[in-house]
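These are the residues of each chain, in order.
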Amino acid sequence: MKKNKKNFLIFTGSRADYGILSTLISKIKSDDHIKSFIFAGSDHFSPSYGNTYKEILKDGFKIDFRSNVKILGKYENLSTYCAKILNEYSIIISRLRLDGALILGDRYEAFIFSIVCFFNKIPIFHLHGGELTKGAMDDNLRHSISKFALFHFVTNKVYKTRLM
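Quick caveat, the model's predicted, so the values are computed rather than measured. (Residues numbered from 1 in each chain as written. Predicted model: local features only at pLDDT ≥ 70, side-chain atom pairs only at ≥ 80, totals over all residues. Heavy atoms only, no water.)

*Asks:* Looking at this structure, how should I read the pattern of salt bridges?
*Replies:* What the rule picks out here adds up to 5 salt bridges. Of the charged contacts in the structure, one is a salt bridge between Asp-64 and Lys-62, with a shortest N-O distance of 3.4 Å. By relative accessible area, Asp-64 is classed as partly exposed at 22%. Classification of Lys-62 as exposed rests on a relative accessible area of 57%. The residue Asp-106 makes a salt bridge to Arg-142 at a minimum N-O spacing of 2.5 Å. With Asp-106 in the loop between strand 4 (100-104) and helix 4 (108-119) and Arg-142 in helix 5 (residues 138-148), this residue pair connects regions lying 36 residues apart in the sequence. No difference in accessibility class separates Asp-106 from Arg-142, as the two residues are buried. Here the salt bridges share partners, and the residues they tie into one network are Asp-43, Arg-107 and Glu-109. (Salt bridge = Lys/Arg side-chain N within 4 Å of Asp/Glu carboxyl O. Buried < 20%, exposed > 50% of the residue type's maximum accessible area, 1.4 Å probe, protein only. Helix = DSSP H or I, 4+ residues; strand = E, 2+ residues; numbered from the N terminus.)

See the structure below:
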């Protein structure tokens, strides 16, 4: 009896997480039990951040979904920007039938992505929970993503203990 493949969405917001995710993406893409999709955030398509979407393509991956919201402008309010990407991500994700989503880290795009997955009842696999970035809002975002996530992958025992 042939089993259906699981539909799995991998979110990458920027060059910062893609560098860590690229090897894992290769492994997921080679798994016969998983049909995976890549969702790339707007930073990947910004000339000021190096048009890093080209790195994804150079590695032989297809970008299945992308953010078309222009990156946070110099004079734009972060909450207004987040509202725009929340709306965009919601429209894209609500159309998909996903069995899981992979999110790495603590950036605001990943946080918004996790909110959308959570409300759409998509199990979240979170990488790098339990870490600390002192003095930055990243901690609150990371910890929130961890709260939304059902599955956790940490990089060491200290982070595992903190996450627990």
